[in-house]
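Descriptive structure summary
The primary structure of each chain is shown beneath.
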Amino acid sequence: MNLVLAHGFLGFQRRYGIHYFHGVKEYLAEALPQLHLKILETEVSPLARIQLRGAQLRDQILAALAAGELDPAERVHLVAHSMGGLDARWCLSPSNPENIAEKVASLSTISTPHRGSPVADFLTGGGRLPASAGTRFDAYLDLGLGIVDLTTEGAARFNERFPDHPGVRYFSYAGKGRPGPRPTSLVLAPCHWIIARTGAAANDGLVSVESAAWGESPEDPWPADHADEIGHDLNQGRSAKPTFDYLARYRAIVERLAQVA
């Protein structure tokens, strides 16, 4: 079974002693030996826009299939966190003449801002919050920075231009924040407030539950913040894992995908 893990905005594969999908690859290989998993962890330009990141993701998947790192006789299952889900959707869309949908069976997105994030709106000076930053949105657009694709306006444009491929199964998973009085780590608390101010109370500190929904949603929203979802408790330091059992969630995702042709 071929599995590809795709990271989000500002992400990477493994750097500075930090593993983006914290221990996920190793855990799945050990927990599910019967699936004979071939797992590719990709790395794309962290700040770039969707089409550049998506092209890099596509090229890495094709290269892995050609080299035998992924089994060329089997279709690929993509699991993508945050902006990685938008990169993957671009790779699959029939509007993209270089799409690789024929090689992909499914895409599972985890807290992907399919309808944008008010946090990106705020940072670029556009969207639903006051545009106190003036022309920042246009400046980011001119610089080719991917944060513009994460705004509500940018996401709407992307969704209109790049529809889903009918031959691929789309699953989505959302984060609703941690249980208790502090729904996110301290780092993400201001972002959680920005999103809640727009009326989306259930969010993981960067993406609302509503924005994360795309295609089939087989589970209730996860009780986790945006970093918990990939195995990082930002309150406890760079190598600390959250109390949220994220590894069990990834196992459930893969076991579900094993039933997809």
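Use the structure listed above.
In what follows, the accompanying structure is described. It should be emphasised that the depicted structure is a prediction, and the values quoted were computed from it without experimental measurement. For every chain, the first residue of the written sequence is number 1, and numbering continues from 1 onward in sequence order. Side-chain atom pairs in this predicted model are given and counted only at pLDDT of 80 or more, local residue features only at pLDDT of at least 70, and totals for whole chains, interfaces and linings cover all residues. Hydrogens and water molecules were not included; the side-chain quantities draw on all heavy atoms of the structure.

Let us now look at the pattern of salt bridges. Think of a salt bridge as a Lys or Arg side-chain nitrogen and an Asp or Glu carboxyl oxygen that are within 4 Å of each other. For the coordinates displayed, the defined rule picks out 13 salt bridges. Among the ionic pairs, Glu98 bridges to Arg58, the shortest N-O distance being 2.8 Å. Of this pair, Glu98 sits in the loop between helix H3 (84-92) and strand S6 (104-110) while Arg58 sits in helix H2 (residues 50-67), placing them 40 residues apart in sequence. Among the ionic pairs, Arg157 bridges to Glu153, the shortest N-O distance being 2.4 Å. Helix and strand labels come from DSSP, where a helix needs a run of H or I of at least four residues and a strand needs a run of E of at least two; each type is numbered from the N terminus.

A few words now on the environment of Val24. Inspection of the secondary structure assignment puts Val24 in helix H1 (residues 24-31). When the C-alpha positions of Val24 and Gln13 are compared, they lie 12 Å apart, and in sequence the two are 11 residues distant. Setting aside anything within four residues of it in sequence, one finds Val24 in contact with Leu5, His19, Tyr246, Leu247 and Tyr250. Note on contacts: a residue pair qualifies if any of its non-hydrogen atoms lie within 4.5 Å across the two residues.

With that out of the way, let us pick up helix H9 (residues 246-257). In this scheme, a helix's expected span is set at 1.5 Å multiplied by one less than its residue total. Between its terminal C-alpha atoms H9 stretches 17 Å, which fits the 16 Å expected from 12 residues at 1.5 Å a residue. Residues Tyr246, Leu247, Tyr250, Ile253, Val254 and Leu257 constitute the buried set of H9. Seen along its axis, H9 keeps its buried residues to an arc of 115°; they face one direction. Those residues of H9 that are buried are in contact with strand S1 (2-6), H1, strand S5 (76-81), S6 and strand S7 (169-173). Accessible area is worked out with a 1.4 Å probe on protein chains only. A residue is then buried under 20% of its type maximum, exposed over 50%, and partly exposed in between. The arc in question is the one traced by the directions running from the helix axis out to the C-beta atoms.

Every axis corresponds to a line fitted to the C-alpha atoms, with the helix fit spanning only the stretch in contact, and the corresponding angles, defined between N-to-C directions, vary from 0 to 180 degrees. In the contact formed by H1 and H9, the axes pass within 10 Å of each other and the chain directions differ by 60°. For the element pair H1 / H9, the angle class is oblique. As H1 packs across H9, the resulting crossing turns out to be right-handed. Here H1 contributes Val24, Tyr27, Leu28 and Ala31 to the contact with H9, which in turn contributes Tyr246, Leu247, Tyr250, Arg251 and Val254. Under this grouping Gly is polar, as are all residues other than the nonpolar Ala, Val, Leu, Ile, Met, Phe, Trp, Tyr, Cys and Pro and the charged Asp, Glu, Lys and Arg. Here the residues of the contact of H1 with H9 sort into eight nonpolar, no polar and one charged. For classification, angles of less than 35 degrees are called roughly parallel, those exceeding 145 degrees roughly antiparallel, those between 65 and 115 degrees roughly perpendicular, and all remaining angles oblique. Handedness of a crossing follows from how the near helix is turned relative to the far one, being left-handed for an anticlockwise turn of less than a right angle and right-handed for a clockwise one.

Right, let's talk about the nonpolar core for a bit. Within this scheme, the nonpolar core is defined by two criteria: the residues are buried Ala, Val, Leu, Ile, Met, Phe, Trp, Tyr or Cys, and they are joined through side-chain atoms within 4.5 Å. Ranked by internal contacts, the top residues of the largest apolar core, which has 32 residues, are Val4, Leu57, Ile61, Leu70, Val76, Leu78 and Leu92. For this core, the secondary structure elements donating two or more residues are S1, H2, S5, H3 and S6. Per-element accounting of this core gives the leading share, six residues, to H2. Excluding its chain neighbours within four sequence positions, the residues that come into contact with Val4 are Leu40, Thr42, Leu57, Ile61, Leu70, Val76, His77, Leu78 and Val79. By size, the runner-up hydrophobic cluster in this structure holds 28 residues, among which are Leu35, Ile39, Phe171 and Ile230.

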